[in-house]
Structure formats: structure tokens, C-alpha cells
Amino acid sequence: MAPSLEAPDNVEDVLDNPLKTSPNLVAPEPEHCPGPESEAAGKADSCAGCPNQAICASAPKGPDPDIPLITERLSGIKHKVLILSGKGGVGKSTFTTLLAHAFATNEDNTVGVMDTDICGPSIPKMMGVETETIHVSGAGWSPVWVLDNLGVMSIQFMLPNKDDAIIWRGPKKNGLIKQFLKDVEWGEMDYLLVDTPPGTSDEHLSVNSFLKESGVDGAVVVTTPQEVALLDVRKEIDFCRKAGIKVLGIVENMSGFVCPKCTHESQIFKATTGGARGLAKEMNIPFLGAVPLDPRIGLAADYGESFFDAYPDSPACTALKGVVRRVGEEMGIKAEVILPED
Amino acid sequence: MSLDNVKNIVLVLSGKGGVGKSSVTTQLALSLSLAGHSVGILDIDLTGPSIPRLFGIETATVTQAPGGWIPVPVHAANPTAGIGSLSCMSLGFLLRERGDAVVWRGPKKTAMVRQFLTDVLWGEIDYLLIDTPPGTSDEHISLAETLLKNALPGQVAGAVVVTTPQAVATADVKKELNFCVKTGINVIGVVENMSGFVCPNCSECTNIFSKGGGEVMAMDFKVKFLGRVPIDPQFIMLVETGRRPVYPIGTEINGLDVGRSEVVDNSGDYKDPGQLVEKYKDCSLCPIFKDIARDVVNDIESTKS
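Worth saying up front: this structure is predicted, and the values here are computed from it rather than measured.

Conventions and cut-offs
- Residues numbered from 1 in each chain as written.
- Chains lettered and ligands numbered in written order.
- Predicted model: local features only at pLDDT ≥ 70, side-chain atom pairs only at ≥ 80, totals over all residues.
- Heavy atoms only, no water.
- Helix = DSSP H or I, 4+ residues; strand = E, 2+ residues; numbered from the N terminus.
- Contact = heavy atoms within 4.5 Å.
- Domains from an automatic or database assignment.
- UniProt positions renumbered as here; feature names shortened; annotations may be inferred.
- Buried < 20%, exposed > 50% of the residue type's maximum accessible area, 1.4 Å probe, protein only.
- Phe/Tyr/Trp six-rings, centres within 6.5 Å; stacked < 30°, edge-to-face > 60°.
- Lys NZ or Arg CZ within 6 Å of the ring centre and 35° of its normal.
- Pairing = 2+ DSSP bridges.
- Axes fitted to C-alpha atoms, helices over the stretch in contact; angles between N-to-C directions.

**Considerations on the side chain of aspartate 195 of chain A**
- Inspection of the secondary structure assignment puts aspartate 195 of chain A in strand E7 (residues 189-195).
- With residues up to four places along the chain from it excluded, the contact list for aspartate 195 of chain A reads Ile83, Lys92, Ser93, Thr96, Met114, Asp115, Thr116, Asp117 and Ile123 of chain A.

Rendered as C-alpha cells:
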């Protein structure tokens, strides 16, 4: 018999099923599992004969009781922004770091960064706090403070050895993301930036359902110019549409490289199909700007320095500041409040 | 089972995204094919499949046959030219619209990975390269589990781990190497991708993402270092538009002079006729991957004997 493939059309179903506490299963979910959190859990046709059937059927239904707790915990945060991209290695974490540093230049602002990339956390290294650990107090987990007004939370802070692999399936990742939102003492903050892993899977669904209630300003989508990247980014924007996340705009990273010797500009990742600008037009979303490929951005990230402080006069820095202001504008914050002209 | 006639299975892994897993898979497949081996590529990056795009076969669809799916052929074997056949399977071929998001939670991804491993009719092939998404999560666990359960002894040759040189990337890739240790997957070696960029105007090499990080990491983990692959925009043009790579005279890549033409016209986005595998021979990265493919083959053969 020819194998069957269920058409991947149940996105809405997945999104409509609010996250609930997962029951403790005694066996792996079967292939056509409706999901232990879904309404049909324990009752679907595919549940017949599953060792988990009784557990799933008796599990509490309805919205996750932790969502009000999360909403309460995050009530002191004014703006929440997601940084997304379907593609890996396009600069999500780099851009999150730069955005956080830019917002934090105004001393009146308090900025938080939450790294939801569980299997490949990069934020701690880029912020230069890789070796820190989390402190736990009665009020919850304290974020690691990079600056007086810039706090970070990442799984990296919880690993005994920094190179340990985190071999986790979806539900475990969702559990940690929930803890990051529920148990971390974020306090009063102006901005919370949420860095995400590539793709459109568990982490993204969880972040979306946990934050829906407390409200998200929107998502900044990062891409590189070539079609291989845009292909995945298009999927991410489709995801945002379906999930009802507002797309604040799209940033084109690694756009052009100027040779330090002859100043000839090469399009390394050539925009053969119009790049991010073309995609923004096609999908009808704002284009926030293009940031050139500057080897010093990567160096600053490796050393955990702020690129803005290290190379304030570079063209990449000017471009980035422009993008930061545009992000602010899309959030309805005046450019001079975000980043005063210097 | 569909993997029964596959001689060797090679995984292409990286903890980090966007380091070039898919482009390394592509080039490794082309090089193995040029060396006369028959090759299959299985793309298990479900939420961001890139293989269909890289081979320019995005509009292709998978044929269902009794007993399973027939993978999409890229080119047939050409025994006179010494080229082996190449075919691919990817979720990209099963989507209705190329922009459609695939929003799947773990169990669904696990089921798909399993189905890809059991229901694709590869036929007799020498190498099956499995391209993976970044990370160490559902797809990887399912892949490792299914292979452990279903593969014949000695069939899973191991993993080629891809990284870029900068510390931010190697930090994640080290996690992947530890994943291989924990799951008992043999690491064939490490490829350092995007290692340096040669300016097409003045032939100056700039290390955009620093240099040497992959080699140091391979040394730290006592695994073989397979080589350094520079950034070549001509390769990107080749896969994106189908243009045959041409380099200005004096272009040196990894010590090899690849320049052929006095004047290089970089403006046109025209498509040259011919098969990708033919055109790839003109790419500066082809000799580098020839060596990498040779090392991979030698490593596999030596462990077998």
C-alpha cells in the first residue's frame, strides 16, 4: 500500500489548541497522536490501544492554568518584541543583541532578553556572560545582568558544562520556555526581546500561546538576501499571519560586503529574487533596512562586546541605528526616545 | 525496508543554523556523483527544507508507487562520463505552496522522519546523505533512534559536522559533537565552511567569519578535520540562477589558481545550459569537495575492512 501523507494543513488546529500542562505519558506518542494537550486527547481513533489513552483522557482540559500567572508576571513589561526568522544563521541573535544594546543606551530604559533557542543558545556568548549562572531567590529566578539596565535569561546559564548538548524533545523545551516566563523575576521593564530558534515548531508555538494573553507588540523578521534564505523566511511570515502575530518589519542582514583592501562591494549572498525589499513588498510588510556584512560584527559577537560601542563610526553601525529607529517607529515610539541622534 | 539497498548512510549535522549544511550536502553529493558513486539525499529539515531549491527542482513532485515514494531524480547515471546517479527526497516536494509554513510539533515531526526513513524507495545506491535541521531536538532524536533500530550493522557510516569559523557558531556545534558522542554516532569529520572570502575584484582574502575555529574544535574533540571551504559567490549564483562559474585570472582559492577568464561579466543572471553536476566542475569549490569526498569515502572504507 502506498504511504499516506496527511497534508500539512492543520496549522490553525495547532494554533487554536492553547497549551495545556502536558500529562505524564507512560509511552511515546503514537504517529497520529492528536496531541496529549488537545481536546481529542484519549478519544481519537488513533488513541485506541495507546498505553497513554487513560492518562490523556483524564487529563484536565481547558486553557493552561499557568497562562494567567505568566500574564501577571509580565504585567510590568511595557513592550514585548519577538525576533524571528525561518532560516538559521541569518543573525537573529546578533540582531537581538544589537537591538538590546541600542535600547539600553538610554539609561531610563530597562531591557530584558529571553533566549528561547534551547538547543543552540547564542545570546550569552554574544553578551559576554557565557559563564554566569542563574540565582534563585524567593521571588523567582534572577536574570543575568549584562548592564545595569540589561538582563538576560538563557538555558546556557543552567548547564554544568558549557558544551553540553541539550537533547530535548518538544514538550521539555516548552516546559522550560514556560518557566522562563513564569518563574523569572523580570520586574518592571520597558522592553522584553524574545530571541527564537530557526523554524516554525514547538518553541514558536509555545511563545505565541504563552504571550498571547499579555500581548506582544510584534515580530521583527531577520533574513539574508539570497532566495535559499527567503524561502524559509516566507514560511515564517506565513506562520505569523496564521498565528495573528503582527510583523513589525523585515531586516536584511549580510547585505553586501565591502573589501577592506580595494573597497569593491561584493554581493556575497546575492539577492537574485529581490532580497528582503522584494519580499517585504510581496508580503506587504514594512522593510526596516539593510545591514552590510562587516566582519567586525562577528568579532564583537565572539568577544561579547557591544558593536555600537566598539565601532561607532562604521557604516554597519549607521545602518543598524537606522533599523533600530525604524523598529521603534513601527512600535509607535518616537525615534529620538529610542536612539537620540548623535 | 527502503534502506536495505543503501550501502552507506552519512548524516550531515550542525548545531548551528545557516552554516551551510544543505550546501555542503549538495556539494558532497555532487562530488560523490562525479566520482562515480550513486547518491541519494534525504532532507529532514521539515520546517525549512533547502535541498529542492539548491538543486533547482522546486516544482518537482514525488511520485507514489506501490510500496512507497519514488525520490525526485536530479540526474541519471552516465557510465561513460563516470558519473553516478543522484536523487532527492524532501518535505519541500510535498507542499502545495512553496511559501506554506509547516507548523508541526514534535510527535508529527517524529512520524514524518520515520516515514522518510522507511517509505522512500531509494533502490540500490552507494551513499545516502541525510541533511538535517539545526539543533539537537525532535528530528535528530528520531533520526538517531530509527537508524539505531532499523539500519543494518555498519550501514550508518557516521556524521559530517559542518561549522563556520567564528566562536558563536562553534559553541553550538560543540553541543552537536556531544550529541554524537551520547547517541553513539561516529563523527567522520568536521568541515569549516565560509572560511574566508576572496574579493572578485582584487583577489584579497578576507576572513569575514574569522578563521580556523573549525580546525581547533576538531582538534579539541579529537575528530578528523576534513577541510576549509571558502565563500564563493559564484557557487551561490550557480545554484540560484544556474550560471556556470567563471573566475578572473589570478583568483587563488586554497592555493589553487582557478582563474580562467580575462573579463568576468557578473551582471547577467542568465542560465547556462547543461546539468548542475557538469557546471559544478567549473566551480572553485569542486576540487576542495573532491578531496573532502575522497576523505569521507576512504574513512568509510577503512572502517569497513
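Picking up where we left off.
**Some details on the domain arrangement of chain A**
- As assigned here, chain A comprises domain 1 (34-63) and domain 2 (67-338).
- Relative to domain 2 of chain A, the C-alpha centre of domain 1 of chain A lies at a distance of 36 Å.

**With respect to the UniProt feature "binding site: ATP" (unreviewed entry) in chain A**
- Those places that UniProt annotates as "binding site: ATP" (unreviewed entry) correspond, in this numbering, to Gly86, Lys87, Gly88, Gly89, Val90, Gly91, Lys92 and Ser93 of chain A.
- Looking at where lysine 87 of chain A falls in the secondary structure, it is placed in the loop between strand E1 (77-84) and helix H4 (92-104).
- On the accessibility criterion, lysine 87 of chain A (16% relative accessible area) is buried.
- Aside from chain neighbours lying at most four places away, what touches lysine 87 of chain A is Lys92, Pro198, Val228, Ala229, Asp232 and Val233 of chain A together with Ser50 of chain B.
- Within the secondary structure, glycine 88 of chain A sits in the loop between E1 and H4.
- The exposure class assigned to glycine 88 of chain A is buried, which follows from its relative accessible area of 8%.
- When near neighbours in sequence (up to four residues on either side) are disregarded, glycine 88 of chain A contacts Pro198 of chain A together with Gly17 and Gly18 of chain B.

**Here we look at the packing of aromatic side chains**
- Applying the stated criterion across every chain, the model contains six aromatic pairs over all chains.
- Relative to tyrosine 280 of chain B, the ring of phenylalanine 235 of chain B has its centre 6.1 Å away and its plane inclined at 75 degrees; by these criteria the two rings are edge-to-face. Note that phenylalanine 235 of chain B is positioned in helix H7 (residues 233-241) and tyrosine 280 of chain B in helix H8 (residues 276-280), a separation of 45 residues in sequence.
- By relative accessible area, phenylalanine 235 of chain B is classed as buried at 6%.
- Classification of tyrosine 280 of chain B by relative accessible area gives buried; the value is 0%.
- For the cation-ring pair, arginine 296 of chain A lies above tyrosine 311 of chain A, with the distance from its terminal atom to the ring centre recorded as 4.8 Å.

**Regarding the UniProt feature "binding site: [4Fe-4S] cluster" (unreviewed entry) in chain B**
- Annotation from UniProt places "binding site: [4Fe-4S] cluster" (unreviewed entry) at Cys199 and Cys202 of chain B.
- Relative to the helices and strands, cysteine 199 of chain B resides in the loop between strand E10 (197-198) and strand E11 (205-206).
- Not counting the four nearest positions on each side in its chain, cysteine 199 of chain B is found in contact with Cys259, Cys262 and His264 of chain A together with Glu204 of chain B.
- Within the secondary structure, cysteine 202 of chain B sits in the loop between E10 and E11.
- Excluding residues that lie within four positions of it along the chain, cysteine 202 of chain B makes contacts with Cys259, Lys261 and Cys262 of chain A.

**Some words on the UniProt feature "binding site: [4Fe-4S] cluster 2" (unreviewed entry) in chain A**
- The UniProt feature table records "binding site: [4Fe-4S] cluster 2" (unreviewed entry) at Cys259 and Cys262 of chain A.
- As for its position among the elements, cysteine 259 of chain A is in the loop between strand E10 (257-258) and strand E11 (265-266).
- A relative accessible area of 1% places cysteine 259 of chain A in the buried class.
- If sequence neighbours within four positions are ignored, cysteine 259 of chain A has contacts with His264 of chain A together with Cys199, Cys202 and Glu204 of chain B.
- Counting through the fold element by element, cysteine 262 of chain A comes out in the loop between E10 and E11.
- The contact partners of cysteine 262 of chain A, leaving out residues within four places of it in the chain, are Cys199, Asn201 and Cys202 of chain B.

**As for the side chain of threonine 94 of chain A**
All names here are of chain A.
- Tracing the backbone through its elements, the reader meets threonine 94 in helix H4.
- Given a relative accessible area of 18%, threonine 94 falls into the buried group.
- Once residues lying within four places of it in the same chain are set aside, the contact partners of threonine 94 are Met126 and Ile297.

**Brief notes about the UniProt feature "binding site: ATP" (unreviewed entry) in chain B**
- The UniProt entry lists Gly15, Lys16, Gly17, Gly18, Val19, Gly20, Lys21 and Ser22 of chain B under the feature "binding site: ATP" (unreviewed entry), expressed in the numbering used here.
- Along the chain, glycine 17 of chain B falls in the loop between strand E1 (6-13) and helix H1 (21-34).
- By relative accessible area, which is 8% here, glycine 17 of chain B ends up buried.
- Those residues in contact with glycine 17 of chain B that lie beyond four places of it in its chain are Gly88 and Gly89 of chain A together with Pro134 of chain B.
- Here serine 22 of chain B is in contact with Ser50, Ile51, Leu54 and Asp131 of chain B, once residues within four sequence places are set aside.

**Let's talk about the sheet that holds strand E9 (residues 187-192) of chain B**
Residues and elements named next belong to chain B.
- Read across the open sheet, the eight strands follow the order E5-E6-E2-E7-E1-E8-E9-E12; overall the sheet is mixed. Strands with a single pairing partner mark the edges of an open sheet, and in this sheet they are strand E5 (72-75) and strand E12 (225-228). Strand-to-strand twist of the sheet, defined as the mean angle between neighbouring strand axes without regard to direction, takes the value 20 degrees.
- As paired strands, E5 and strand E6 (residues 86-90) are joined by three bridges and run antiparallel to one another. Its bridge partner being in E6, histidine 75 is matched across the sheet by leucine 86.
- In the packing of helix H5 (residues 167-183) onto the sheet, the strands contacted are E1, strand E8 (156-163) and E9, and the crossing angle to E8 comes to about 170 degrees.

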